[in-house]
Amino acid sequence: ALTAPFLPFAPAQAATDPGGVLANWYRLVLELVRHTATYSPPVASRAFAYLGVTAYESLAAGNPALRTLAGQLNALQPLPVLDPGQIYDPSAILNAALSEAVHFFFGNTGPTGQRAMKAMGAQLDKTNADLPTDVALRSQQHGRAIAAHIIAWSMDDGGAVVENMGFPYEYTLTPGPAHWVPTSLIRQQQMPLLPLWGNNRPFAVPVDQPCTLPPPPAYSEDPASAFYAEAMEVYQLSKTLTDEQKTIARFWSDDPMLSPTPPGHWVSVVLEIIDRDGLDAARAADALMR
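Criteria and thresholds
Residues numbered from 1 in each chain as written. Predicted model: local features only at pLDDT ≥ 70, side-chain atom pairs only at ≥ 80, totals over all residues. Heavy atoms only, no water. Helix = DSSP H or I, 4+ residues; strand = E, 2+ residues; numbered from the N terminus. Buried < 20%, exposed > 50% of the residue type's maximum accessible area, 1.4 Å probe, protein only. pLDDT = per-residue confidence, 0-100. Contact = heavy atoms within 4.5 Å. Phe/Tyr/Trp six-rings, centres within 6.5 Å; stacked < 30°, edge-to-face > 60°. Axes fitted to C-alpha atoms, helices over the stretch in contact; angles between N-to-C directions. Parallel < 35°, antiparallel > 145°, perpendicular 65-115°, else oblique. Left-handed = near helix turned anticlockwise from the far one by under 90°. Nonpolar A, V, L, I, M, F, W, Y, C, P; charged D, E, K, R; others polar. Salt bridge = Lys/Arg side-chain N within 4 Å of Asp/Glu carboxyl O. Core = buried A, V, L, I, M, F, W, Y, C linked by side-chain atoms within 4.5 Å. 1 Å grid on protein atoms, 1.4 Å probe; cavity = no way out; pocket = protein on both sides within 12 Å on 5 of 7 lines; lining within 4 Å. Points joined across faces, edges and corners; volume = space filled by probe spheres on them. Expected span 1.5 Å × (residues − 1).

### Some details on the overall build of the chain
Working step 1: Secondary structure assignment for the chain yields 9 helices and 0 strands.
Working step 2: When its helices and strands are written in sequence order, the chain yields α-α-α-α-α-α-α-α-α.
Working step 3: Expressed along its principal axes, the backbone C-alpha trace of the chain runs to roughly 75 × 45 × 35 Å.
Working step 4: Counting over 290 residues, the chain shows a buried share of 37%.

Here it is as structure tokens:
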């Protein structure tokens, strides 16, 4: 059951321009993530990433200020292009593309979410009522073609199928005090969450040149070790938290089912900045794509 209502669109922002279409779909998606149990942070992050590329490419074809991501992102091939002899409506293109993408990448939400997605699409489709029929149909077809291209690109990245909410049915745990062990009594959670997610195709990092970070301090129970010192620092700090620190911790806790997860939290921050600074659709799509 939902603890907050789904809104078909934000009442404060009419979806009569590409920026409104973009903001309204994203606000709905934040709710879909919050109310769908299968969206752990990695899964939600992947879906947000593909949605961002879809929105960006929907606007890039008709905007010379936006350079297509084809050839910049791993394995993304050139996308459908506009017919230079025809007229298109950017809002209709964007709405059709996001409708297809949201239904695909967030389609395993519950019945209420399904109704909300359908209502959103229908509400935003009303903005096409003043368009010539051929312009509306042509724009919608292009938007759907963009979404289909992005969806096809996503299917072989390694993360398209998530079974058992991300907890593998079979997995051999590494023995030893330095390694993960289950702490939950829930049967499903006796395996780590998405332990092989790091094998997925990255978006921008060259596949043959992985982004490496220095390893963390080696596990040690020796009070003189770097690991022990860092762990003790966190433990001691936890016992003397100020009210401000507790508020900050709650703000960033981003618990699943209680928030749109960490990636969604950052998306919500970006949406606030877009609204505060009055960014146009192109700059908003560029920011959300990143």
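### Overview of the confidence of the model for the chain
Working step 1: Across the chain, the average pLDDT comes to 89, with 94% of residues at 70 or higher.
Working step 2: Segment residues 1–15 is flagged for pLDDT under 50; beyond a separation of four residues in sequence, or across chains, it makes 34 contacts in the model.

### Re the packing of aromatic side chains
Working step 1: Tallied over the full model, the rule gives 10 aromatic pairs.
Working step 2: Seen in terms of ring centroids, phenylalanine 48 and phenylalanine 106 are 6.0 Å apart; in terms of plane orientation they differ by 65°. Their pairing is edge-to-face. Here the residue phenylalanine 48 occupies a position in helix H2 (residues 41–60), and phenylalanine 106 occupies one in the loop between helix H3 (90–105) and helix H4 (111–125), the gap between them amounting to 58 residues.
Working step 3: The exposure class of phenylalanine 106 is buried, given its relative accessible area of 0%.
Working step 4: Relative to phenylalanine 203, the ring of tyrosine 50 has its centre 4.9 Å away and its plane inclined at 55°; by these criteria the two rings are tilted.

### Details of the environment of valine 135
Working step 1: Within the fold, valine 135 resides in helix H5 (residues 133–154).
Working step 2: Excluding residues within four positions of it along the chain, valine 135 makes contact with Ile87, Tyr88 and Asp89.

### Concerning the packing of helix H1 (residues 18–34) against helix H8 (residues 261–277)
Working step 1: Look at H1 against H8: their axes get within 10 Å of each other, and the N-to-C directions meet at 155°. With respect to their mutual orientation, H1 and H8 come out roughly antiparallel. Both H1 and H8 take part in a crossing whose hand is left-handed. Contact with H1, carried on its side by Tyr26, Arg27, Leu30 and Val33, involves Thr261, Gly264, Val267, Ser268 and Leu271 of H8 and no other residues of that element.
Working step 2: Of the residues in the contact of H1 with H8, the class split is 5 nonpolar, 3 polar and 1 charged.

### Structural notes on the pattern of salt bridges
Working step 1: In total, this model carries 6 salt bridges according to the counting rule given.
Working step 2: Here aspartate 157 makes a salt bridge to arginine 46, at a shortest N to O gap of 2.8 Å. On the criterion of sequence distance, the pair formed by aspartate 157 in the loop between H5 and helix H6 (226–238) and arginine 46 in helix H2 is long-range, its members being 111 residues apart.
Working step 3: Residue classification places aspartate 157 among the buried positions, given a relative accessible area of 4%.

### Here we look at the nonpolar core
Working step 1: Ranked by size, the top nonpolar core spans 51 residues in total, and within it Leu22, Leu76 and Phe106 carry the most contacts.
Working step 2: Elements with a contribution of two residues or more to this core: H1, H2, H3, H4, H5, H8 and helix H9 (281–289).

### Thoughts on the layout of surface pockets
Working step 1: Volume-wise, the largest pocket comes out at about 640 Å³.
Working step 2: Lining the largest pocket we find 24 residues, and of these Ser45, Arg46, Ala49, Phe203 and Arg290 sit closest to its centre.
Working step 3: Mapped onto the lining of the largest pocket, the elements with two or more residues apiece are H2, H8 and H9.
Working step 4: Each residue belonging to the lining of the largest pocket can be placed in one class, and the counts come to 17 nonpolar, 3 polar and 4 charged.

### Looking at H3
Working step 1: The terminal C-alpha atoms of H3, which comprises 16 residues, lie 22 Å apart, in line with the 22 Å expected from a rise of 1.5 Å per residue.
Working step 2: In terms of burial, H3 is largely enclosed, as 12 of its 16 residues are buried.
Working step 3: Among the residues making up H3, those that are buried are Ser91, Ala92, Ile93, Leu94, Asn95, Ala96, Ala97, Leu98, Ser99, Ala101, Val102 and Phe105.
Working step 4: The elements touched by buried residues of H3 are H1, H2, H4 and H5.

### Some words on the environment of asparagine 199
Working step 1: When you line up the elements, asparagine 199 lands in the loop between H5 and H6.
Working step 2: Taking the C-alpha atoms as reference, asparagine 199 lies 7.2 Å from glycine 158; in sequence the two are 41 residues apart.

### Comments concerning unusual backbone geometry
Working step 1: One non-glycine residue with positive phi stands out, namely aspartate 254, at about 50°.
Working step 2: By the element assignment, aspartate 254 lies in the loop between helix H7 (243–251) and H8.
Working step 3: Judged by its relative accessible area of 7%, aspartate 254 is buried.
Working step 4: With phi around 70°, threonine 261 is a residue other than glycine that occupies positive phi space.

### Considerations on the packing of H2 against H5
Working step 1: Look at H2 against H5: their axes get within 9 Å of each other, and the N-to-C directions meet at 145°. Crossing geometry of H2 relative to H5 is assigned as right-handed. Of the residues in H5, those in contact with Arg46, Tyr50, Val53, Thr54, Glu57 and Ser58 of H2 are Ile146, Ala147, Ile150, Trp153 and Ser154.
Working step 2: Across the contact of H2 with H5, the residue classes break down as 6 nonpolar, 3 polar and 2 charged.

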